[in-house]
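Each chain, letter by letter, is given below.
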Amino acid sequence: MTTIVVVRKDKQIAIAADTQSTFGDTRLGHLHDARPDKIFQSHESYFGLCGAAAHDLVLQAILAKNRTLDFSNRSTIFDSFRRLHPKLKEDFFLKTEEEEDDPYESSQMTALIANPHGIFGVFSMREVYEYRHYWAIGSGRDFAIGAMRAVYDRPELTAADIARVGVEIGCEFDVNSSLPFTLRTVDLAEPDAEK
């Protein structure tokens with residue numbers, strides 16, 4: 001599991017993640033992992049994923065082949081993941097089953113997206129949320145969300161500072177997350193620039 005956070009404050013967007021991978025009872029920390037960074041960049045966005053370790057390589061590969069996808073707002077992100085779902089099944093052999101009574105097939109991944117247009121979360125049935133201030137995913141999410149809520153209104157803290165606090169507290173209390181962390185920032189687009 002993991003701790004991945006996104007924060008939007010003033011004109012800055014930040015995404016941060018821990019660097020531990022877990023396989024059952026085995027922990028792969030940053031000292032032994034040649035690529036411990038859980039954040040990658042594509043389509044003018046930063047992505048952080050939790051769930052199966054394969055999701056990272058699969059999503060990077062599929063995004064590299066589909067350059068026309070748009071991640072600039074909630075509806076375009078939904079449409080992009082809707083378009084990706086059949087490719088995940090056909091080209092990457094995604095198993096779509098979760099619960100028997102689920103209304104839709106699952107894409108089996110949870111993602112946070114940070115870009116100049118905002119911060120977004122995508123969940124297994126392609127639900128897309130846009131967040132006003134912050135959010136977290138992974139096994140350390142509850143600790144991270146609580147920590148970010150506690151410090152968000154402090155005027156001296158930037159989005160990057162708040163993301164750091166979220167990941168550090170997630171790592172302090174979640175056994176499946178550990179430091180160091182990685183962090184990326186991007187400036188929020190001006191409203192006129194989005195038109």
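Above this text sits the structure in question.
In this report, the structure presented in the accompanying data block is examined. (Residues numbered from 1 in each chain as written. Predicted model: local features only at pLDDT ≥ 70, side-chain atom pairs only at ≥ 80, totals over all residues. Heavy atoms only, no water.)

### Some words on the overall build of the protein
Note the threshold: A run of H or I in DSSP counts as a helix once it spans at least four residues, and a run of E counts as a strand once it spans at least two, with each numbered from the N terminus. For this measure, only C-alpha atoms enter the radius of gyration; the expected value for a globule follows 2.2 Å times N^0.38, where N is the number of residues. The rule is simple: take the accessible area with a 1.4 Å probe, protein chains only, and divide by the maximum for that residue type; under 20% is buried, over 50% is exposed, in between is partly exposed.
Helix and strand content of the protein: 4 helices and 11 strands. Taking 195 residues into account, the globule formula puts the C-alpha radius of gyration at 16 Å, and the protein, at 16 Å, falls close to it. In terms of its C-alpha atoms, the protein occupies a principal-axis envelope of roughly 50 × 50 × 35 Å. Per-residue burial over the protein gives 49% buried out of 195 residues.

### Structural notes on helix α4 (residues 159-173)
What counts here: Given the number of residues in a helix, its expected span is that number minus one, multiplied by 1.5 Å. Any two residues having at least one pair of non-hydrogen atoms within 4.5 Å are treated as being in contact.
Its 15 residues give α4 an end-to-end C-alpha distance of 22 Å, which sits within 8% of 21 Å, the value for a rise of 1.5 Å per residue. Within α4 the residues assigned to the buried category are Ala 159, Ala 160, Ile 162, Ala 163, Val 165, Gly 166, Val 167, Gly 170 and Cys 171. Turning to α4, the residues buried within the fold contact β1 (4-9), β2 (12-18), α3 (141-151) and β11 (181-187).

### Quick word on unusual backbone geometry
Cis rather than trans, the peptide bond between Leu 179 and Pro 180 has omega equal to 5 degrees. We note that Asp 10 has phi near 55 degrees; this positive angle belongs to a residue other than glycine. A positive phi angle, near 50 degrees, is found at His 43, a position not held by glycine. Within the fold, His 43 resides in the loop between β5 (39-42) and β6 (45-50).

### As for the sheet that holds strand β7 (residues 110-115)
Keep this limit in mind: DSSP calls a pair of strands paired once it identifies at least 2 bridges connecting them. Lines fitted to the C-alpha atoms define the axes, with helices restricted to the stretch that makes contact. Angles between their N-to-C directions range from 0 to 180 degrees.
Pairing in this open sheet of 5 strands is antiparallel, and the strands run β5-β6-β7-β8-β9 from one edge to the other. Sheet topology places β5 and β9 (128-131) at the edges, where each strand pairs with a single neighbour. The mean angle between the axes of side-by-side strands here comes to 25 degrees, regardless of whether they run parallel or antiparallel. For β6 and β7, the ladder comprises 5 bridges, and the chain directions are antiparallel. Of the residues in β7, the one forming a bridge with Cys 50 is Thr 110. Seen against the sheet, helix α1 (residues 54-65) touches β5 and β6 and runs at an angle of roughly 145 degrees to β6.

### Comments concerning the side chain of Thr 96
When you line up the elements, Thr 96 lands in the loop between α2 (74-92) and β7. Here Thr 96 falls in the buried class, since its relative accessible area comes to 12%.

### A closer look at the pairing of β1
Burial runs high along β1: 5 of the 6 residues are buried. Here β1 pairs with β2 via 6 bridges, running antiparallel. By the bridge assignment, Val 5 is partnered in β2 with Ala 16. A loop of 2 residues connects β1 with β2, the two strands running antiparallel in sequence, and Asp 10 in this loop sits at a positive phi of about 55 degrees. Across 4 bridges, β1 lies against strand β10 (residues 134-137) in antiparallel orientation. Looking across to β10, one finds that Val 5 is bridged to Ala 136.

### What to know about the sheet that holds β11
Taken together, the 4 strands give an open sheet; going across it, the order is β10-β1-β2-β11, and neighbouring strands pair in antiparallel fashion. Each edge of the open sheet carries a strand with a single partner, namely β10 and β11. Averaged over all neighbouring strand pairs, the angle between strand axes comes to 10 degrees, with direction disregarded. Against the sheet, α3 engages β1 and β10, with an angle of about 165 degrees to β10. Sheet strands touched by α4: β1, β2 and β11. Its angle to β2, the strand with the most contacts, is close to 20 degrees.

### Brief notes about the environment of Arg 83
Selection rule: As used in this structure description, the phrase polar contact means that two N or O atoms lie within 3.5 Å; if the pair is within protein, one of them must be able to donate a hydrogen and the other to accept it, and residues adjacent in sequence are counted only when both atoms belong to side chains.
Note that Arg 83 resides in helix α2. As a C-alpha pair, Arg 83 and Asn 66 span 17 residues in sequence and 9.7 Å in three-dimensional space. In this view, Arg 83 contacts Thr 68 and Leu 69; residues no more than four positions away in its chain are not counted. A polar contact of 3.3 Å, which involves the side chain of Arg 83, links it to the side chain of Thr 68.

Function cannot be read off these values alone, since they describe shape.
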